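# Coordinate analysis (summary)
In case you want the letters, here they are:
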Amino acid sequence: MTEGSIDVAIMKEFYQNLYVLDDKFPKKVRVRGHLIKFDVDSLNTFLEIPVVMEQGESLPSYSKFVRLRPNPQGLVARLCIPGRGFVLNVKGLPWKLLRKDLTTLAQTWSVLSHSNLAPTSHTFDLNLDRAKLVYGLVMKMNMNLGSLISGQISLIA
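Summary of the structure given here. In this text, all values refer to a predicted model and were calculated from it rather than measured experimentally.

### Notes on the sheet that holds strand β4 (residues 94-98)
Spatial strand order, β3-β4-β5: 3 strands in an open sheet with antiparallel pairing. At either margin of the open sheet sits one strand with a lone partner, and together these are β3 (87-88) and β5 (125-127).

### What about the packing of helix α2 (residues 40-47) against helix α7 (residues 145-156)?
Running from amino to carboxyl end, α2 crosses α7 at an angle of 120 degrees, the nearest separation of the two axes being 8 Å. Taken together, the axes of α2 and α7 are oblique relative to one another. Note that α2 runs across α7; the crossing there is right-handed. For the pair α2 and α7, the contacting residues are Val-40, Leu-43, Asn-44 and Leu-47 in the first and Leu-145, Gly-146, Ser-147, Ile-149 and Ser-150 in the second.

What counts, and where the lines are drawn
- Residues numbered from 1 in each chain as written.
- Predicted model: local features only at pLDDT ≥ 70, side-chain atom pairs only at ≥ 80, totals over all residues.
- Heavy atoms only, no water.
- Pairing = 2+ DSSP bridges.
- Helix = DSSP H or I, 4+ residues; strand = E, 2+ residues; numbered from the N terminus.
- Axes fitted to C-alpha atoms, helices over the stretch in contact; angles between N-to-C directions.
- Parallel < 35°, antiparallel > 145°, perpendicular 65-115°, else oblique.
- Left-handed = near helix turned anticlockwise from the far one by under 90°.
- Contact = heavy atoms within 4.5 Å.

Purely geometric numbers; function is a separate question.
The following block contains the structure:
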């Protein structure tokens, strides 16, 4: 196997062994006799990414941002080409941003988020949560990537 390639059989075994009825949010799994940890600290150590927080803060700026209800127009101003914005749902609330309406920078970060940070096969638009992630990347917010990736693995399981 060449460096950087993916062994599909190992990935399938990882996700098959990950599902345990007793544990809704698993953070470790055995694959071919090896214990694989994917808790926040293990992932940040593996990725060699420090968690950066502002002085006196207990959460990175992105973590605080996603807990808020950001103004959708603020997201649109940074992510969309002028004159474009959210497609609204039947209640008139922001639902999604179409990929064709994003700036080049937002499209680039969107591709990264879809393929690496929070994998999905649905890449045609950004729902509100994904728009917040791309906004955080565009704005260079401090993030706890280990937390983001660990959470995504648990959700997939």
